[in-house]
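Inside the fold
Okay, here's what each chain looks like letter by letter:
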Amino acid sequence: VSLLVNENWPRPALLALRSAGLDVQAVVERMPGATDTEVLRLASAEGRWVLTFDRDYGELVFARSVPPPPAIVYLRQGAYAPDWPARVVLDLLSLTDWVDGHLVVVSGRGLRRRRLPAA
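The rules behind each value
All residue numbers here refer to positions counted from 1 along the written sequence of the relevant chain. Where totals are concerned, whole chains, interfaces and linings use all residues; where local detail is concerned, this predicted model gives features only for residues with pLDDT of at least 70, and gives and counts side-chain atom pairs only at 80 or more. The basis for the side-chain values is all heavy atoms of the structure; hydrogens and waters are excluded. Here's how the labels work: a residue is buried when its accessible area is under 20% of the maximum for its type, exposed when over 50%, partly exposed in between, all with a 1.4 Å probe on protein chains only. Under the scheme used here, helices are H or I runs from DSSP no shorter than 4 residues and strands are E runs no shorter than 2 residues, and both carry numbers assigned from the N terminus. Note on pairing: DSSP must find at least two bridges between two strands before they are called paired. By the criterion used throughout, a crossover qualifies as right-handed when its path from the first strand across the helix to the second strand runs clockwise, the strands pointing away from the viewer.

As for the pairing of strand β3 (residues 48-52)
- In terms of burial, β3 is a largely internal element, five of the five residues being buried.
- The alternating pattern of β3 places R48, V50 and T52 and W49 and L51 on opposite faces, both of which are buried.
- Sheet analysis places strand β1 (residues 2-5) next to β3, joined by four bridges and oriented parallel. Bridging across to β3, S2 finds its partner in R48.
- In terms of strand pairing, β3 meets strand β4 (residues 72-75) through three bridges, oriented parallel. Within the sheet, the bridge partner assigned to T52 lies in β4 and is Y74.
- You can see the chain leave β3, run along helix α4 (residues 56-62) and come back into β4, and the turn it takes is right-handed.

Listed below in structure tokens is the structure:
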């Protein structure tokens, strides 16, 4: 699985994912200041999951018909430990078939998902 972390993704979590040997690109390094639509287009073109704390991605895909990437993982969490986002993603990688093709929302109440529209 290839990943694209949004600009709001914490650096310690980015480094933890890379240390785990994952293919992770960071918007802040690759295309700082990119719009959410540009991020989705890049992720879709490169077949990357989008990892974000930004709820706007769901609206863009579902309400505005922006072509989706293979998956969007939206972490909806208040305060958290710096490595928490990486731990969540590493756990989700064991559920790749469950995540692929979905918007997955991670919150204190658990996981929920919604099938992404066809690209």
